[in-house]
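Given next are the chains, with one letter for each unit.
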Amino acid sequence: MINLISICNNSFTGTVSSSINYLKQFLEDRGHETTCYDYFYTLPNPVFIRPDHVMEMNIIPEFVKMYKNWKKNLPIIHNIELSQIDQIVLKDLFSDLKYMKGNIFGFQVSTVNLGYSIIAAMKIRQMYKDSIIVFGGYHMSLGLENKVAKLLLKSGVIDCAVRDDGSEPMLKIANNDYEEIMSGKFSVDIPHPKYTKNDVIETNPVFPSVSSYGCPFKCFFCASKRDNVFGDLGSFRDHLLHCKDLGFKGTEINDDNLNITLSRAMEIADIMCDVNFDYWTGWANQKNINNELMEKFHLSNCKVLMIGIECFSASVAENMGKERIIKDVMNTIDIMVKHEILPCMTLITSMPGETEEEYEFTLKTTIEIRKKYGDKVIFVPSIFQMYPGSDTYNNPEKFGISFEYWDGNILPEFGEIIETIPKTFSVGISNEKIMERWKQLNAESYSKRIIIPYSKSKQKRKLIR
Ligand code: SF4
């Protein structure tokens, strides 16, 4: 029996977590009984405490204390300061651990929930001595040389770190034939989860789906280095029809970009027209948006497209690896508004090389667009971060970025690894300035009137399936 655990940030649409449900289906299709434990909370984003912190392992001081407690067989979180949200998350997780059957525990790890996953892994070690603990998911996939994985393996907190698709590696683990670090390949045979009517009742009537993996583009801040694999569209269509029969009203398509090629996007639009949900949404690339595609998307009830714009400055965009001609962005917004699809455009402030003038230009353009279109277009600003595996992380000097590393003396046993983990970074802009920019951009990006269709987002809930 395999237990899969995900702790998800539920601040946006509040749908069920997707990747562990795909993993569960893959394992069940091969005869392994598997249970998914999804914990949904609105998790605080550590960037807003210190924007120069590298999130890779920003809990090193807590890790050191927990590790020492664990070695002395004390309660792991003894003497650790916990926020109210930490206490809520851990109380639920710890109480469920008592009932989890089987000795394989797989965690879906993201930058935000790494701390919780480490605490739970240590607790499992104390409760079930012979358990196999596996960390996979986006965070563990970052970088060719994942130092966090090395630290967790060497300290004995986990047994295995999995990169990219966890399906085949998890099958090997279930057959007790595994290595410490394994990589899985994404395949065209996507194991779409067989949801039940209960999932419709327990979650939103909107479910996550996927038709492709990876992305051929190379934005400098992005750690997504997965090969681009197009899944089979026939089984994607059957899956959507099955979910509609169950009572789901819509889907969020989680492909990195839906329109990597226009012909593929047109085929997806045809499928969405046939299936005829009330609502669907996805991520798209700005360059491949045109009238014909948006007309089809509109007919198939696409309501929102997320688009990574990041900034309006041509030179920062070029540096970032995205061609950005402002009149093309304006044209994209015009087309989408005409077809009643909400462009939800991400912005990243304080990227390497962004001058005050360039930031001002992005702010001014954001204000102008919002003045012209009101709530028919929204922006989602965030602060530049360093992700292992990204070009900015691998070649900091090239982008004028400097790192400060953790002090290995904090835990000499693993000092050699700890002192290779970056603690903070600098792009030459002060933290105060970065926060001021983000607050200004945020204030101009959306209005409080925006309601996300079907959102049932709550502070806290969980789903066991
Ligand atoms: S940011 Fe988006 S478009 Fe750029 S490389 Fe990453 S997934 Fe691809």
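What you see is a predicted model; the values in this text were computed from it and never measured.

**A closer look at the overall build of the chain**
In terms of regular secondary structure, the chain is built from 16 helices and 17 strands. In terms of overall dimensions, the chain is globule-like: its C-alpha atoms have a radius of gyration of 22 Å, near the 23 Å expected for 465 residues. Expressed as a percentage of its 465 residues, the buried residues of the chain come to 42%.

**Describing the sheet that holds strand β14 (residues 378-383)**
Pairing within the open sheet is parallel, and its six strands lie in the order β7-β10-β11-β12-β13-β14. Every interior strand has two partners, whereas the edge strands, β7 (206-209) and β14, have only one. When the angles between neighbouring strand axes are averaged without regard to direction, this sheet yields 20°. Sheet topology note: the strand β12 (residues 302-310)/strand β13 (residues 342-349) ladder contains six bridges and is parallel. When the bridges of β13 are listed, valine 304 appears paired with leucine 342.

**What about the pairing of β13?**
The element β13 is largely enclosed, with a buried count of seven among its eight residues. Strand direction decides the pairing type here: β13 and β14, joined by six bridges, are parallel. Each bridged residue has a counterpart across the sheet, and for isoleucine 348 the counterpart in β14 is serine 382. Once you follow β13 into helix α13 (residues 356-373) and on to β14, the crossover reads as right-handed.

**Observations regarding the site of the ligand**
Neighbouring the ligand are Cys215, Phe217, Lys218, Cys219, Cys222, Ser224, Asp256, Asn257 and Gly308. Residue composition of the shell around the ligand, grouped by class: four nonpolar, three polar and two charged.

**Looking at the packing of helix α1 (residues 19-29) against helix α6 (residues 167-174)**
The contact between α1 and α6 brings their axes to 10 Å, and the two run at 50°. Regarding the angle of α1 to α6, the classification is oblique. Seen along the crossing, α1 lies across α6 with a hand that is right-handed. In contact with Leu23, Phe26 and Leu27 of α1, α6 contributes Ser167, Met170, Leu171 and Ala174. Class assignment for the residues of the contact of α1 with α6 results in six nonpolar, one polar and no charged.

**Quick notes on the packing of helix α2 (residues 60-71) against helix α4 (residues 114-127)**
Where α2 meets α4, the closest approach of the two axes is 11 Å, and the angle between their N-to-C directions is 5°. Here α2 lies roughly parallel to α4, going by the angle between them. Where α2 approaches α4, its residues Glu62, Phe63, Met66 and Trp70 are matched on the opposing element by Gly115, Ile118, Ile119 and Met122. Across the contact of α2 with α4, the residue classes tally to six nonpolar, one polar and one charged.

**Digging into helix α8 (residues 233-246)**
Look at α8: 20 Å from first C-alpha to last across 14 residues, which is about the 20 Å you get at 1.5 Å a residue. Of all the residues in α8, the buried ones are Phe236, His239, Leu240 and Cys243. Seen end-on, α8 carries its buried residues on one side only, within an arc spanning 95°. Exposed and oriented more than 90 degrees from the buried face of α8 are Gly234 and Asp245. Contact partners of the buried residues in α8: β7, β10 (250-253) and α9 (262-275).

**Topic: helix α5 (residues 147-154)**
Think of an α-helix as 3.6 residues a turn; residues three or four steps apart then line up on the same face. Those residues of α5 lying buried are Val148, Ala149, Leu151 and Leu152. Considered in projection along α5, the buried side chains sweep an arc of 160° and stay on one side of the axis. Against the buried residues of α5 lie β4 (132-136), β5 (160-164), β6 (181-184) and α15 (415-418). Positioned one or two residues after α5, glycine 156 has a phi angle of 85°, which is positive.

**Remarks on the environment of valine 134**
Relative to the elements of secondary structure, valine 134 occurs in strand β4. Residues valine 134 and valine 210, 76 residues apart in the sequence, show an inter-C-alpha distance of 24 Å. Not counting residues within four places of it along the chain, the set of residues in contact with valine 134 comprises Phe105, Gly106, Phe107, Ile158, Asp159, Cys160, Val162, Met170 and Ile173.

**What to know about the nonpolar core**
Ranked by size, the top nonpolar core spans 106 residues in total, and within it Tyr39, Ala121, Met122, Val134, Phe135 and Ile158 carry the most contacts. By residue number, the principal contributor to this core is α4, which donates eight residues. Inspection of this core shows a minimum of three residues originating in each of domain 1 (2-185) and domain 2 (197-384 + 427-445). Discounting residues that sit within four places of it in the chain, phenylalanine 135 has contacts with Phe107, Val109, Ser117, Met140, Leu152, Ile158 and Ala161. Listed in part, the five residues of the second largest apolar core include Val54, Met55, Tyr393 and Phe425.

Procedures and definitions
Residues numbered from 1 in each chain as written. Predicted model: local features only at pLDDT ≥ 70, side-chain atom pairs only at ≥ 80, totals over all residues. Helix = DSSP H or I, 4+ residues; strand = E, 2+ residues; numbered from the N terminus. Rg over C-alpha atoms; globule rule 2.2 N^0.38 Å. Buried ≥ 20, exposed ≤ 12 C-beta atoms within 10 Å, placed from the backbone. Pairing = 2+ DSSP bridges. Axes fitted to C-alpha atoms, helices over the stretch in contact; angles between N-to-C directions. Right-handed = clockwise from strand over helix to strand, strands pointing away. Near = placed C-beta within 6 Å. Nonpolar A, V, L, I, M, F, W, Y, C, P; charged D, E, K, R; others polar. Parallel < 35°, antiparallel > 145°, perpendicular 65-115°, else oblique. Left-handed = near helix turned anticlockwise from the far one by under 90°. Contact = placed C-beta atoms within 7 Å. Expected span 1.5 Å × (residues − 1). Arc of directions from axis to C-beta. Core = buried A, V, L, I, M, F, W, Y, C linked by C-beta atoms within 7 Å. Domains from an automatic or database assignment.

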